[in-house]
Amino acid sequence: MRSDLFINGEWVSSDSDERISVVNPATGSEFHSVPAASVIDIDRAVTAAREAHKAWAEIGGKRRARYLHDMASQIGARREELARLEVADNGKPLAEAFDDMDEAARCFTYYAEHARALENKQFEILDWPHKEFRCRIRYEPMGVVAGIIPWNYPFLMAVWKVAPALAAGCTIVLKPSEITPLTALELGAMAREVALPPGVLNIVTGTGQGAGAPLAGHLGIDKIAFTGSVETGRKIMSAASRDVKNIGLELGGKSALLVFDDCDFENAIEWILFGIFWNKGEICSATSRVLIHRAIYRRVVDRLVEEADKLVIGNGLEDGVQIGPLVSEQQYKKVSSAISKGKAEGAMLLTSEQLPAHLPGGYFLRPAIFEEVDFSSDLWREEIFGPVLCVAPFDTEEEAIQIANDSEYGLAASVMSRDKERCDRVAISLQAGTVWLNCSQPNFVEAPWGGVKRSGIGRELGRWGLEGYLEVKQVTDFDTRERWGWFLG
């Protein structure tokens, strides 16, 4: 486990003596610590990235692709080690951590091919009717990127920022969450193994105030790529506005899942549970509001409660565990408070709160399913980011769409119905960046990811993710065999 900052290709000590404890959420005990980077550290990292940028941008997409392929190979070779470190840091079940490592490797491979294609695409000629002029289009890297990532998918979110940025020809300063910094730091070790040029990737650990804010506000940053809360997203926007920096924001969600009475019942139950309890509900796109047609409402809810109470809770490294601990004591208190407040406001908790006797420590919570939730309450409207599900009945398609769209968020939504025309019709009507039909939460590196309304700005993944790190330049030249004659006649 790394204990220093990764700047300019080297492991270096922080300018600050302050350390941040790394706590295993399954035990509540500290097992490591990392530096709390200072403003001086941030400046060192940004300077290194800026000095490395010109050479990295000019080596071409094909050579960048080789580095990205090598990074993917490094992840594959260290898959088990990385997954176990992720569990110790974040708490998620080991099987989920393995999935994250596999997706991260695929992300590097995918953007390696985009880097290669980008080189062949430079100076594409625009097809247009102005024959005396030729217009060519260049795609150029934005420059130095600040990548600021959350704690729910520590390694995967890091790769979502690093891979497309490097493919585009940008250099990057990555700041992982202070709660889960360990696997992101391992990207530095991999960068050294593949001989990535110094300064192309820099990793600084620290708090939001001490490291994140000065990074976002640094004059040497050209693009800010942030995933996290709406509150922090607003601060990022404010910091970016001072220098008119380009930003990409993937923020919160309160996603709705609509269950119609013609759905495949067993399929719906499976995806409802998956949509909220995967990764212990610490998912920005979690389908935490489930709207169920009144004709099948009771049957669906009773089955959900039955299945939720069967889910195995425990240390993510233990076999068969389906729900690990929440990521931190702070998050545990936040989610517990939301559950208590919901009950006090009259919402009915349908699931058991009794934890297994073998879990005396750690930040464990049982899955919570509520009904009779007031649509104006925080329980219904605000992102809880934990294993908490609200259910409510509806009578008509129009009513279901209206309730689903009555939210300040618009990250994702889901529809369960055998009627394909209805699925498409509802998908078009839902205000969300992603709509899943007869499933919930599948995500693919090839497809765009992002939200509308308070859920963010821009898109990650797919070609859209690469475009977020590129500037488009028009180069137009005149056929000098002709005279235009506007001024000289």
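Residues numbered from 1 in each chain as written. Predicted model: local features only at pLDDT ≥ 70, side-chain atom pairs only at ≥ 80, totals over all residues. Heavy atoms only, no water.

(A) The overall build of the chain, seen in detail. When helices and strands are tallied, the chain shows 15 helices and 22 strands. Relative to the compact-globule value of 23 Å for 489 residues, the chain shows a C-alpha radius of gyration of 24 Å, a close match. Taking the principal axes of its C-alpha atoms as reference, the chain extends roughly 80 × 60 × 40 Å. Per-residue burial for the chain yields a buried fraction of 57% across its 489 residues. (Helix = DSSP H or I, 4+ residues; strand = E, 2+ residues; numbered from the N terminus. Rg over C-alpha atoms; globule rule 2.2 N^0.38 Å. Buried < 20%, exposed > 50% of the residue type's maximum accessible area, 1.4 Å probe, protein only.)

(B) Up close: the pairing of strand E10 (residues 223–227). Of all five residues in E10, five are buried; the element is thus mostly enclosed. Neither face of E10 is open: one carries Lys-223, Ala-225 and Thr-227, the other Ile-224 and Phe-226, and all of them are buried. The sheet contact formed by E10 and strand E11 (residues 246–250) spans five bridges and is parallel. Bridge pairing links Phe-226 to Leu-249 in E11. (Pairing = 2+ DSSP bridges.)

(C) Structural context of the packing of helix H5 (residues 154–168) against helix H6 (residues 182–193). Running from N to C, H5 and H6 cross one another at 50°; their axes reach a closest spacing of 8 Å. As the angle between them shows, H5 and H6 are arranged oblique. Between H5 and H6, the residues in contact are Pro-154, Phe-155, Ala-158, Val-159 and Val-162 and Thr-183, Ala-184, Leu-187 and Met-190, respectively. For the contact of H5 with H6, a count of residues per class yields eight nonpolar, one polar and no charged. (Axes fitted to C-alpha atoms, helices over the stretch in contact; angles between N-to-C directions. Parallel < 35°, antiparallel > 145°, perpendicular 65-115°, else oblique. Contact = heavy atoms within 4.5 Å. Nonpolar A, V, L, I, M, F, W, Y, C, P; charged D, E, K, R; others polar.)

(D) Representation of the pattern of salt bridges in the model. This structure, assessed with the given rule, holds 39 salt bridges. The salt bridge involving Glu-113 is made with Arg-116; its shortest N-O contact spans 3.7 Å. Linking Glu-113 with Arg-116, this pair stays in helix H4 (residues 94–121), spanning three residues, or about one helical turn. On the basis of relative accessible area, Glu-113 is assigned to the partly exposed category, the value being 39%. Arg-116 gets classed as partly exposed once you look at its relative accessible area, which sits at 28%. We note a salt bridge from Asp-378 to Lys-341, for which the minimum N-O separation is 2.7 Å. Here the residue Asp-378 occupies a position in helix H12 (residues 378–381), and Lys-341 occupies one in helix H11 (residues 329–344), the gap between them amounting to 37 residues. What makes Lys-341 partly exposed here is its relative accessible area of 38%. (Salt bridge = Lys/Arg side-chain N within 4 Å of Asp/Glu carboxyl O.)

(E) Examining the environment of Trp-151 more closely. Its location among the elements puts Trp-151 in the loop between strand E7 (144–148) and H5. Each C-alpha atom, one on Trp-151 and one on Thr-180, is 5.5 Å from the other, the two residues being 29 residues apart in sequence. Trp-151 has contacts with Asn-90, Ser-177, Ile-179, Thr-180, Glu-282, Val-327, Gln-331 and Phe-385, leaving out every residue within four places of it along the chain.

(F) Representation of the sheet that holds strand E22 (residues 470–478). On the basis of which strands lie adjacent, the open sheet formed by three strands has the order E5-E6-E22 and antiparallel pairing. Taken across any chain shown, the strands that pair with only one partner, and hence form the sheet edges, are strand E5 (124–125) and E22.

(G) Molecular detail of the sheet that holds strand E12 (residues 256–259). Across the sheet, which stays open at both edges, the seven strands sit in the order E14-E15-E16-E13-E12-E18-E19 with mixed pairing between neighbours. For this open sheet the edge positions go to strand E14 (348–349) and strand E19 (434–437), each flanked by a neighbour on one side alone. Note: strand E18 (residues 412–416) against E19, four bridges, orientation parallel. For Ser-414, the partnering residue across the bridge sits in E19 and is Trp-436. Contacts from helix H14 (residues 420–429) reach E12, E18 and E19, with the element oriented near 165° to E19.

(H) Structural detail: the environment of Ala-163. Along the polypeptide, Ala-163 turns up in helix H5. Classification of Ala-163 by relative accessible area gives buried; the value is 0%. For Ala-163 and Trp-151, which are 12 residues apart along the polypeptide, the C-alpha to C-alpha distance reads 18 Å. With sequence-adjacent residues up to four places away left out, Ala-163 is seen in contact with Leu-68, Cys-107, Phe-108 and Tyr-111.

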